[in-house]
Amino acid sequence: MLARLVCVCLMLPAVTATAQHKLGLAVKAGPNFANMRVKEKSTGRVLDTRMQIEPSATLEMEIVISKHFSYILGLQLLAHSYSAHSADSVSTFEYLRRATYLGVPNKIRVFFNYRRIQSFLSFGINAESLLSGRLKKNYHDPAITDYERDIKVQYNPVIFTPELDIGLRYALAKFYLTLEGTHAHSLESVNNTQTEAGATHSRRIRDFRLMIGISHYLY
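Residues numbered from 1 in each chain as written. Predicted model: local features only at pLDDT ≥ 70, side-chain atom pairs only at ≥ 80, totals over all residues. Heavy atoms only, no water.

**So, the overall build of the chain**
Operational definition: Only DSSP runs of H or I covering at least 4 residues are called helices, and only runs of E covering at least 2 are called strands; the numbering of each starts at the N terminus. Buried, partly exposed and exposed residues are distinguished by accessible area as a fraction of the type maximum, computed with a 1.4 Å probe on protein chains only: under 20%, between the cut-offs, and over 50%, respectively. Here, two residues are considered to be in contact whenever any of their heavy atoms come within 4.5 Å of each other. Surface exposure here means Shrake-Rupley accessible area, sampled with a 1.4 Å probe, where a residue is shielded only by the protein chains that are shown. Under the convention used here, Asp and Glu are negative, Lys and Arg are positive, and both His and the chain ends fall outside the count. A charged residue contributes its charge at one atom only: NZ of Lys, CZ of Arg, CG of Asp or CD of Glu.
The number of helices and strands found in the chain is one helix and eleven strands. In the chain, the order of α-helices and β-strands from amino to carboxyl end is α-β-β-β-β-β-β-β-β-β-β-β. For the C-alpha atoms alone, the extent of the chain along its principal axes is close to 70 × 40 × 25 Å. Counting only residues that meet the buried cut, the chain has 42% of its 219 residues in that class. Partitioning the intrachain contacts of the chain with sequence separation of at least 6 by distance along the chain shows that 69% fall at a separation of at least 24. Carbon and sulfur atoms provide 66% of the accessible area of the chain, an area that totals close to 12000 Å². Where the 26 positive side-chain charges of the chain centre and where its 18 negative ones centre are 9 Å apart.

**Some details on the side chain of Asn191**
Within the secondary structure layout, Asn191 lies in the loop between strand 9 (175-185) and strand 10 (201-204). In contact with Asn191, other than residues within four places in its own chain, are Gln154, Tyr155, Asn156, Glu196, Ala199, His201, Ser202 and Arg203.

**Focus on the pairing of strand 2 (residues 37-40)**
When a strand is regular, its side chains alternate between the sheet's two faces. As a reminder, the rule being used: Note on pairing: two strands pair once DSSP finds at least 2 bridges between them.
Of the two faces of strand 2, the one holding Val38 and Glu40 is buried and the one holding Arg37 and Lys39 is not buried anywhere. Bridge analysis of strand 2 against strand 10 gives four bridges, and the strand direction is antiparallel. Following the sheet pairing, Lys39 is matched in strand 10 by Ser202.

**Overview of the confidence of the model for the chain**
Put simply, the test is: Every residue is assigned a pLDDT by the predictor, reflecting its confidence on a scale from 0 to 100.
In this model, the chain carries an average pLDDT of 88, and 90% of its residues clear a pLDDT of 70 or more. The low-confidence segment residues 1-15 (pLDDT under 50) makes 20 contacts with residues lying over four places distant or belonging to another chain.

**Points about the packing of aromatic side chains**
Within a pair of aromatic rings, the relevant descriptors are the distance that separates the centres and the angle that separates the planes. We count it as follows: Two aromatic rings from Phe, Tyr or Trp, using only the six-membered ring of Trp, form a pair when their centres are within 6.5 Å; if the ring planes differ by under 30 degrees the pair is stacked, by over 60 it is edge-to-face, and anything between is tilted. Consider the ring centre and the ring normal. A charge sits over the ring if Lys NZ or Arg CZ is within 6 Å of that centre and within 35 degrees of that normal.
The final tally for this structure, using the stated rule, is four aromatic pairs. Summarising the aromatic geometry, the rings of Tyr176 and Tyr217 are spaced 6.0 Å apart at their centres and angled 75° between planes, so their arrangement reads as edge-to-face. Of this pair, Tyr176 sits in strand 9 while Tyr217 sits in strand 11 (residues 206-217), and the two are 41 residues apart along the sequence. The buried category is assigned to Tyr176, whose relative accessible area is 1%. Judged by its relative accessible area of 6%, Tyr217 falls in the buried class. Joined through ring pairs, the aromatic side chains of Tyr82, Phe93, Tyr95 and Tyr139 make up one cluster. One residue, Arg109, lies across the ring of Phe120, its end atom 4.1 Å from the ring centre. Its guanidinium or amino end placed over the ring of Tyr176, Arg169 lies 4.4 Å from that ring's centre, counting from NZ or CZ.

**Points about the nonpolar core**
Threshold: We call a set of buried residues a nonpolar core when its members are Ala, Val, Leu, Ile, Met, Phe, Trp, Tyr or Cys and they connect through side-chain atoms within 4.5 Å of each other.
In terms of nonpolar packing, the biggest core is built from 19 residues, with Met36, Tyr95, Tyr101, Tyr155 and Val190 touching the most fellow members. The element contributing the most residues to this core is strand 5 (residues 92-114), with four residues. With residues near it in sequence (within four places) discarded, Tyr95 still touches Leu47, Tyr82, Ser83, Ala84, His85, Ser86, Leu135, Lys136 and Lys137. Of all hydrophobic cores here, the second largest spans six residues; its members include Val64, Phe111, Ala171 and Tyr217.

See below:
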């Protein structure tokens, strides 16, 4: 039954993005491989941080400008994070810092169609509003209690992150199946400028997101 359904979908007329289409919507989700670039301000030493896999989800609107160009406006929930080893006067520990943001991506997309396949490249800025900031410490000594605390005040409430997308879309009847990779790398530290004087490290976003989704042209 499933094989027959797939065959029917493949035989249906496929939608293809052209200048005739004006407006499309997409829903995407996937892992965000986050690993902030953390530099010690006093020495300039870059910390050996560990990647964290965070969930991300995007609702996206596409406005087709011409045969090969479109404007992308989205709403995105994502987290930027990293973990590292450290020590205090009590014991060694591993800590995790996570900043969760609500993003509004604004991008220009270049796309090319070949039969049912569309390839695309997008570049723009993700304007992100801070939702939460958390610090979690896990001590290596089991006798010491781990803890977690709110560090939202340490992060910028609004940040602007350059992003580059590359992806493929496959046309089925009235929908596209999408596979997309996004590289994000901030140019400035995400530390809160009002508390920057007391910060011992600068932190820059360094993410790679792999998204799978479905899109549809409304008209």
